[in-house]
Amino acid sequence: MFLDLSYGGSSFCELLAGRLPSLLSRWDNLRLSPEDMPPLPKGTTVLALKYREGVVIAGDRQATEGTQIATRRIEKVFKADQHSAVAIAGVAGPCLELARLFQTELEHYEKLEGVELSTEGKANKLAQMVKMNFPMALQGLVVIPIFVGYDLKRDEGKIYKYDVTGGRFEEADYHATGSGGGHARATMKKVYRADADEAGAIQTAIDSLFDAADEDIGTAGPDFVRGIFPTVKTVTSRGIVDVEDERVRAVCQSIVEGRSRSH
Amino acid sequence: MALPFYVSPEQMMQDKAEYARKGIAKGKSIIALAGKEGILLVAENPSSSLNKISEIYDRIAFAGAGKYSEFENLRKAGIRYADMKGYAYGREDVTAKSLANAYSQSIGSIFSQEIKPLEVEILVVEVGETAAQDEVYRISFDGAIADERGYAAIGGQADELRLYLKDKYEEAVALDGSLELAVKALEASTNQKVRAANLEVAILDRDHPGRKFRRFTTPDLVSLAGDLE
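Residues numbered from 1 in each chain as written. Chains lettered and ligands numbered in written order. Predicted model: local features only at pLDDT ≥ 70, side-chain atom pairs only at ≥ 80, totals over all residues.

A short note on the overall build of chain A
Keep this limit in mind: Here a helix means four or more residues in a row that DSSP labels H or I, a strand means two or more in a row labelled E, and each is numbered from the N terminus. Radius of gyration here is computed from C-alpha atoms only, and the compact-globule reference equals 2.2 Å multiplied by the residue count raised to the power 0.38. Our exposure labels follow a C-beta count within 10 Å of each residue's own C-beta, placed from the backbone: buried means 20 or more other C-beta atoms, exposed means 12 or fewer, and partly exposed covers the counts in between.
For chain A, the count of helices and strands is 7 helices and 13 strands. The C-alpha radius of gyration computed for chain A amounts to 19 Å, which stays within 12% of the reference 18 Å derived for 263 residues, consistent with globular compactness. Across the 263 residues in chain A, those meeting the buried criterion constitute 44%.

Following this line, the structure appears as structure tokens:
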């Protein structure tokens, strides 16, 4: 078993499919319709936008189950490797699984081959994984990621969006998805600037999430009572960096103050 | 039908061991040194793409001496084992001890069952939160596993290197000191000057968050160890 050379490739998903298939969700043959599904927690709004040095990727922290809040502290934005991140909207369980599997896939490839996958290679791999999920999506278990990476060869940030069939589309400037995605996009459309600096891009990301939370009941705004704020990460040539909670809190505070005064 | 010649088990094992030893003796050597910042792995390796040292998991690294194709298969098996275990359970459940055992079992059963033994010797090392928790396992061509303290050597000049390090090794030495000791040991064992471009060096960096494996480039090495060129 240990020295099993039957699989010689560098993909972790294919390795699991051959050796430990029980760890991969294979519910293709369940044949449920979305109406038969019990209510499940859904992650709501995630977004990404480019700026001068790279990409900002962000998401709110709520998972919603019907009209109930399932959890207030879910993470929907994940470091995928040193130069890329993935944010996922959809049914929380499969979303978290996809994120974890994708992280392992990239790390596994990097260790076996001795080099990171190219940014496009990572984006394509994610597309294949979303496609694998398509039979589940038809039964209501929808998983929609946004992938961002910093392409060191071309020296630019990249944003990719996906559909449930694994369709992969590169976005030139910004994208948002999930139940509040449309509202976040509407905000970004008005205030997005490609030459923004990091502070400006973070401001736009949080502004857009604030608007999404304002319009969409599934999306949570900043929670000053419990101290829960959106997840924000930057991806640049220097790697992926978490924007500290304190900094996000300060931006949220200024948005609340700015909007309070204007009424 | 002709009867096969009878060969006593002792003779068969001896022959296999001799064959494996000869194969390994042809190759270059690798040193592991546990120090202040973590565990340093130093290999003589003129190739910059065919690695002898590799990351396995967050705290675990691998080094292989002997026949490249054989230890490369072992390296990949180790990464597959670690990633599957970490995915099925949790990242902290992947340990060098269980990996070293898996290697020992596989290499041992190949040695006793196959006609040709593996011509390899490998190291599995795990950096701990403190130096006292560092683990260094050396696994031979016959699956024998040794739990080493502080330093270990494998490959062609392993015996000479161990003898050299036995006198010179000290605990909790800083990175540059460990590198200089490794270079001196390699030079003493081969009676040749070692060039930075012919070294493959990596560290499991104790204080690095997450994945602790880090490679050094040739310029890194030159700036770390004064005598290296």
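On we go from here.
Some thoughts on the interface of chain A and chain B
To keep things clear, this is the line we draw: Two residues form a contact once the distance between their C-beta atoms, set from the backbone, is within 7 Å. In this count, Pro and Cys sit with the nonpolar residues alongside Ala, Val, Leu, Ile, Met, Phe, Trp and Tyr, while Asp, Glu, Lys and Arg are called charged and the others, Gly among them, polar.
At the junction of the two partners, chain A supplies 14 residues and chain B supplies 15 residues. Of all the secondary structure elements, the ones that give two or more residues to the side of chain A that touches chain B are helix H1 (12-19) and helix H2 (92-113) of chain A. The class makeup of the residues in the side of chain A that touches chain B is 9 nonpolar, 3 polar and 2 charged.

A look at the environment of Gln157(B)
Residue and element names in this part refer to chain B. With respect to the helices and strands, the residue Gln157 is situated in the loop between strand S8 (151-155) and helix H4 (158-168). Spatially, the C-alpha atom of Gln157 lies 11 Å from that of Ala65, the residues being 92 residues apart in sequence. Each residue touching Gln157, except ones within four places of it in the same chain, is listed here: Ser29, Ser189 and Thr190.

Quick look at the sheet that holds strand S11 (residues 174-177) of chain A
Residue and element names in this part refer to chain A. Test applied: When DSSP finds two or more bridges between a pair of strands, those strands are recorded as paired. Note on definitions: angles span 0 to 180 degrees between N-to-C directions of axes, and those axes are lines fitted to C-alpha atoms, for helices only across the stretch in contact.
Pairing within the open sheet is antiparallel, and its 5 strands lie in the order S11-S2-S3-S12-S13. With one partner strand each, in any of the chains shown, S11 and strand S13 (239-242) form the two edges of the open sheet. This sheet shows a mean twist of 15° between the axes of neighbouring strands, independent of strand direction. In this structure, strand S2 (residues 46-50) lies alongside strand S3 (residues 54-59), joined through 5 bridges in antiparallel fashion. Bridged to Leu47 within S3 is Ala58.

As for the environment of Val56(A)
All names here are of chain A. In this fold, Val56 is placed in strand S3. Between the C-alpha atoms of Val56 and Asp36, which are 20 residues apart in sequence, the distance is 37 Å. With residues near it in sequence (within four places) discarded, Val56 still touches Ala48, Leu49, Tyr51, Ala201, Ile202, Ala205, Val232 and Thr234.

Comments concerning the confidence of the model for chain B
The following threshold applies: Known as pLDDT, the predictor's per-residue confidence is scaled from 0 to 100.
Put simply, chain B has an average pLDDT of 95, and 100% of its residues get 70 or more. Here the complex is predicted with pTM 0.94, and the ipTM for its interfaces comes to 0.94.

Regarding the pairing of strand S8 (residues 143-151) of chain A
Residue and element names in this part refer to chain A. Buried residues dominate S8, accounting for 8 of its 9 residues. Bridge count between strand S7 (residues 84-91) and S8: 7 bridges; the pairing is antiparallel. What sits directly across from Ala85, in S8, is Val148. Here S8 runs beside strand S9 (residues 156-162); their pairing, made up of 6 bridges, is antiparallel. Of the residues in S9, the one forming a bridge with Ile146 is Lys161. Between S8 and S9, which follow one another and run antiparallel, lie 4 residues, and Asp155 among them has a positive phi close to 60°.

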